[in-house]
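The chain contents come next:
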Amino acid sequence: MSRQNLKRFTQPVGVTLDRFIEKDRSRYPYATGELSQLLRDIALAAKILNRDINHSGLIGIEGVLDSENIQGESQKMLDVIADIRFSRALRIGGETCCIVSEERDEVIYTGNDDAKYVVTIDPIDGSSNVNVNISTGTVFSIFRRKSPTGTTPQQEDILQTGRHQIVGGYILYGSSTMLVYTTGYGVNGFTYEPSLGEFYLSHPQMQIPENGKIYSVNEGNFYDFDQGIRDYLDYCKQQRLSARYVGSMIADFHRNLLQGGIYLYPATQQQPQGKLRLMYECLPLAYIAEQAGGLATNGTIDILDIQPESRHQRSPMIVGSKKMVEKALEIINEK
Ligand code: P6P
């Protein structure tokens, strides 16, 4: 074989997450590597959870426990496993002073009081989808603490608006496993290569199309929505848009990010603040959406401008392509 023919065996594999993080670090003149390490901690936990999810049916972790989470829902084994995986990785990594997890009523104090960062996280959103082999995801935000390092983290460190996020990100456990995040300089997607145990840059500088033909909402709640939302959904049908609703927010969001579209989880009569959690579901996706050229609103103001009042508070959310969200707001608020 000639040297020339070797080319197909020596193609570069791509930019690893580690190398990308290090290159990205140069944007932060005073960065001393803690944020880079924190992102690595999250990526490590994601690799381990990905392994658990990929053969969950074989290792018997698809059941429910006799405990309940803060929403009063029975906790699924995978919810608790994911929570343990991420909180342990963040605690041992040493860069997180406290964690707000959907699976824990109380704040998790890691004991790393010298650490600069706070993490809010939904360790696995829609875990019941795993039992039926549907994509699911982890969603997280990273904030810089406001109280002095070396002290016990305070409420002010946690209840920050989305505009104060340092990082917004998610891991999608789908047909491939991807890590997508922003640090405020665009949105980048990394695809996991299990044979090498590495995330590789596969979707640099992601931009959401400013318009789209897909709307994602649980139409089963139609008669529980406010009239404005119903009017917008009627508009979507009149426009012959495609209804795509996986029942897994990260899957719907990710498809809309790539193809254009809008995802709505509005308030209903039963849930006047909607179902989604502001601090660790709405904020990360809103940050990514805005960084990718899209919009995210609660129907009145930008998600990123909401001042949180409690760490598990819910918020209605409409997120996606700029022109689609603008049209939704026009119709919803014309009444
Ligand atoms: P519903 C999963 O529980 C989740 O938080 C999102 O991932 C998903 O879009 C939504 O709730 C589904 O909720 O009420 O439509 O079944």
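Overview of the structure. (Residues numbered from 1 in each chain as written. Predicted model: local features only at pLDDT ≥ 70, side-chain atom pairs only at ≥ 80, totals over all residues. Heavy atoms only, no water.)

1. Digging into the overall build of the chain
Note the cut-off: The helix and strand labels rest on DSSP assignments: H or I over at least four residues marks a helix, E over at least two residues marks a strand, and numbering proceeds from the N terminus. C-alpha atoms define the radius of gyration in this analysis, and the globule rule sets the expected value at 2.2 Å times the number of residues to the power 0.38. When accessible area is computed with a 1.4 Å probe and restricted to protein chains, residues below 20% of their type maximum are described as buried, those above 50% as exposed, and intermediate ones as partly exposed. Residue contacts are defined here by distance: any two heavy atoms, one from each residue, within 4.5 Å place the two residues in contact. In short, Shrake-Rupley with a 1.4 Å probe defines the accessible areas, and a residue's cover is counted only from the protein chains shown. A residue counts as positive if it is Lys or Arg and as negative if it is Asp or Glu; His and the chain ends are not included. Working definition for charges: the position is that of NZ of Lys, CZ of Arg, CG of Asp or CD of Glu.
Scanning the chain from terminus to terminus reveals 10 helices and 15 strands. The C-alpha radius of gyration computed for the chain amounts to 20 Å, which stays within 12% of the reference 20 Å derived for 335 residues, consistent with globular compactness. For the chain, the spread of C-alpha atoms along the three principal axes comes to 65 × 60 × 45 Å. Taking all 335 residues of the chain together, 53% fall into the buried category. Considering only contacts in the chain between residues 6 or more positions apart, those separated by 24 or more positions represent 62%. Accessible area of the chain: about 15000 Å², with a carbon and sulfur share of 48%. Charge-centre separation for the chain: the mean point of 34 positive side chains lies 8 Å from the mean point of 40 negative side chains.

2. Structural notes on the site of the ligand
The condition that has to hold: Residues are labelled near a given molecule or strand when at least one of their non-hydrogen atoms is within 4 Å of it. Within 3.5 Å is the distance limit for a polar contact, defined as a pair of N or O atoms, with the added protein rule that one can donate a hydrogen and the other accept it, and that residues adjacent in sequence qualify only through two side-chain atoms.
Contacts to the ligand come from Asp125, Gly126, Asn218, Tyr245, Gly247, Ser248, Met249, Tyr263, Tyr265, Lys275 and Leu276. Within the side chain of Asn218, a nitrogen or oxygen atom sits 2.9 Å from an oxygen atom of the ligand. Lys275 places a polar side-chain atom, nitrogen or oxygen, 2.9 Å from an oxygen atom of the ligand. For the ligand, the accessible surface in isolation is 400 Å², of which the surrounding protein chains cover 78%.

3. Thoughts on unusual backbone geometry
Residues other than glycine seldom take positive phi values, yet Asn133 does so here, at roughly 60 degrees. Summarising the element assignment, Asn133 is placed in the loop between α5 (128-131) and β6 (136-144). Backbone geometry places Arg240, a non-glycine residue, at a positive phi of 55 degrees. Topologically, Arg240 is positioned in the loop between α7 (227-238) and β12 (242-243).

4. Quick look at the packing of aromatic side chains
Basically, it comes down to this: Classification of ring pairs rests on two measures: the distance between centres of Phe, Tyr or Trp rings, Trp counted by its six-membered ring, which must be within 6.5 Å, and the angle between planes, read as stacked under 30 degrees, edge-to-face over 60 and tilted in between.
One pass over the full model with this rule turns up seven aromatic pairs. Each ring, one from Phe222 and one from Tyr223, has its centre 5.1 Å from the other, and the planes form 85 degrees; the classification is edge-to-face. Judged by relative accessible area, Phe222 falls into the buried class, the value being 13%. Relative accessible area serves as the criterion here: at 64%, Tyr223 is assigned to the exposed category.

5. Some details on the state of the cysteines
The condition is simple: Note that a disulfide, as used here, is simply two cysteine sulfur atoms within 2.5 Å.
One pass over the structure, following the stated rule, counts zero disulfides. This cysteine, Cys98, is not joined by any disulfide, and Cys97 carries the nearest cysteine sulfur, 4.1 Å off. Cys98 sits in the buried class, given a relative accessible area of 0%. Here Cys282 stays free of any disulfide, with the sulfur of Cys236 as its closest cysteine sulfur at 19 Å. Of the residues examined, Cys282 reaches a relative accessible area of 0% and is grouped as buried.

6. Structural notes on the sheet that holds strand β14 (residues 295-297)
Note the threshold: Here, any two strands with at least 2 DSSP bridges between them count as paired.
Strand order in the open sheet formed by five strands is β12-β11-β13-β15-β14, and the pairing between neighbours is mixed. Every other strand in the sheet has two partners, leaving β12 and β14 as the edge strands with one partner each. Of the pairings in the sheet, the one linking strand β13 (residues 262-265) to strand β15 (residues 317-320) comprises four bridges and is antiparallel in character. In the sheet register, Tyr265 faces β15, and the bridge partner there is Met317.

7. Some words on a nonpolar patch on the surface
The criterion, for reference: Each patch is built from residues lacking any salt bridge and having more than 30% relative accessible area; the joining distance is 9 Å for like charges and 5 Å for nonpolar side chains (Val, Leu, Ile, Met, Phe, Trp, Tyr). We define a salt bridge as a contact between a side-chain nitrogen of Lys or Arg and a carboxyl oxygen of Asp or Glu at a distance within 4 Å.
Taken together, the side chains of Met1, Leu6 and Phe9 make up a nonpolar region of the molecular surface, amounting to roughly 360 Å² of accessible area. Within the secondary structure, Met1 is located in the segment before α1 (17-25).

8. Quick look at the pattern of salt bridges
Within the structure shown, the criterion is met by 14 salt bridges. Note that Glu219 and Lys237 form a salt bridge whose closest N and O atoms lie 3.0 Å from each other. With Glu219 in the loop between β11 (214-216) and α7 and Lys237 in helix α7, this residue pair connects regions lying 18 residues apart in the sequence. Here the residues in one salt-bridge network are Arg163, Glu290, Asp302 and Asp305, joined through shared partners.

9. Let's talk about the side chain of Arg311
Note that Arg311 resides in the loop between β14 and β15. Polar side-chain contacts of Arg311 include one of 3.1 Å to the backbone oxygen of Asp105. Here the side chain of Arg311 touches Glu106 through a polar contact of 3.3 Å, side chain to side chain.

10. Quick notes on the pairing of β15
Here β15 shows no split at all, with Met317 and Val319 on one side and Ile318 and Gly320 on the other all buried. Sheet topology note: the β14/β15 ladder contains three bridges and is antiparallel. Note on β15: the bridge partner recorded for Leu295 is Gly320.

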